[in-house]
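Coordinate inspection notes
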Amino acid sequence: FADENGNAYTTTGKYVNVASYEFFKKAIAGQPFVTDPMESITQDGMLSFIYSVPVLDEKGKFVGSLFLEKDSKILSDLMADIKVGKTGAPFMISNHTGLTIGDKNFQNVIKNQNIVEMATLNKDLQGLAEHVKKVKTGASGAGEYIMNGTTYIIGYSMVPEIVPGLAWSVGITAPLVEFVGRITFMLYSMIFVAIIFIALGIIGAIIIANRLVVPIN
């Protein structure tokens with residue numbers, strides 16, 4: 001819990017001041033919030049998501065914020081558990097920054113991977129980057145691209161904004177050759193079904209977290 005000036009003690013007894021953090025500013029404005037992966041407040045060397053809600057007194061005056069920190073690796077673990085074809089896999093990006101926030105290779109999150117920026121130096125990524133640009137706008141769709149001589153398929157959709165300001169999108173890529181002999185429509189349908197399940201899993205995790213940090217009035 002952080003008081004109205006942002007002063008807080010973690011569950012381990014560590015003192016922190018969170019007044020400068022976006023999640024606390026959102027709480028002052030009366031909004032629940034979920035951050036993109038950020039440097040942990042409680043544990044050195046960890047990237048975390050922070051879920052926060054405002055705390056109000058009986059007169060509706062802001063008196064502080066209740067916040068919960070969660071290891072951001074939870075999203076990458078979810079990505080790693082899902083397979084499309086033999087080698088296809090999902091990924092997640094922040095629509096705010098374009099950074100990868102969930103990937104079967106968690107190192108891509110730690111390294112602040114930005115596919116669009118990487119494509120300016122690596123032509124092999126340009127096809128994928130064009131789709132990621134669309135993903136970043138919150139669009140839903142599907143298509144194909146070529147990378148390192150291999151044709152890939154991609155499907156993507158935005159995660160529903162169940163918390164104000166949440167702007168995450170999920171995409172799935174897989175080599176087209178892994179689906180030779182399958183009808184394209186069925187292929188794309190499978191991709192979108194997988195996307196829906198990923199989104200539902202993420203939403204469920206956020207809802208559970210929100211229940212843990214429900215506003216106190």
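**Describing the sheet that holds strand β9 (residues 100–103)**
If you walk across this open sheet you meet the five strands as β9-β8-β12-β11-β10, and the pairing is antiparallel. On the outer flanks of this sheet lie β9 and β10 (141–147), each paired with one strand and no other. Taking each pair of neighbouring strands and ignoring which way they run, the sheet shows an average axis angle of 25 degrees. Its contacts with the sheet put helix α2 (residues 73–80) on β8 (89–94), β9 and β12 (168–175), and the angle it makes with β9 is roughly 45 degrees.

**Describing the side chain of serine 52**
Inspection of the secondary structure puts serine 52 in strand β6 (residues 47–56). Separated by 3.4 Å, the side chain of serine 52 and the backbone oxygen of phenylalanine 23 make a polar contact. Those residues within four positions of serine 52 in sequence are excluded, and the remaining contacts are Phe23, Gln31, Pro32, Phe33, Ser65, Leu66 and Phe67.

**Details of the layout of surface pockets**
The space that makes up the largest pocket amounts to roughly 420 Å³. Along the wall of the largest pocket there are 21 residues; nearest its centre are Asp103, Lys104, Leu128, Met147 and Thr173. Across the lining of the largest pocket, the residue classes break down as 12 nonpolar, seven polar and two charged. Estimates place the volume of the second largest pocket at around 260 Å³. What lines the second largest pocket is Phe1, Tyr9, Thr10, Thr11, Thr12, Thr42, Gln43, Leu66, Phe67, Leu68 and Glu69. Residue composition of the lining of the second largest pocket, by class: five nonpolar, five polar and one charged.

**Topic: the packing of aromatic side chains**
Under the counting rule described, the total for this entry stands at six aromatic pairs. Taking 5.2 Å as the distance between ring centres and 50 degrees as the angle between the ring planes, the aromatic pair formed by phenylalanine 23 and phenylalanine 67 counts as tilted. Taken together, the residues span a long stretch of sequence, with phenylalanine 23 in helix α1 (residues 22–28) and phenylalanine 67 in strand β7 (residues 62–71) at a distance of 44 residues. An identical accessibility class is assigned to phenylalanine 23 and phenylalanine 67; each is buried. Here the aromatic cluster, defined as three or more aromatic residues joined through ring pairs, consists of Tyr21, Phe23 and Phe67.

Here is what the cut-offs are and how they apply
Residues numbered from 1 in each chain as written. Predicted model: local features only at pLDDT ≥ 70, side-chain atom pairs only at ≥ 80, totals over all residues. Heavy atoms only, no water. Pairing = 2+ DSSP bridges. Helix = DSSP H or I, 4+ residues; strand = E, 2+ residues; numbered from the N terminus. Axes fitted to C-alpha atoms, helices over the stretch in contact; angles between N-to-C directions. Contact = heavy atoms within 4.5 Å. Polar contact = N/O pair within 3.5 Å; in protein donor to acceptor, adjacent residues only side chain to side chain. 1 Å grid on protein atoms, 1.4 Å probe; cavity = no way out; pocket = protein on both sides within 12 Å on 5 of 7 lines; lining within 4 Å. Points joined across faces, edges and corners; volume = space filled by probe spheres on them. Nonpolar A, V, L, I, M, F, W, Y, C, P; charged D, E, K, R; others polar. Phe/Tyr/Trp six-rings, centres within 6.5 Å; stacked < 30°, edge-to-face > 60°. Buried < 20%, exposed > 50% of the residue type's maximum accessible area, 1.4 Å probe, protein only.

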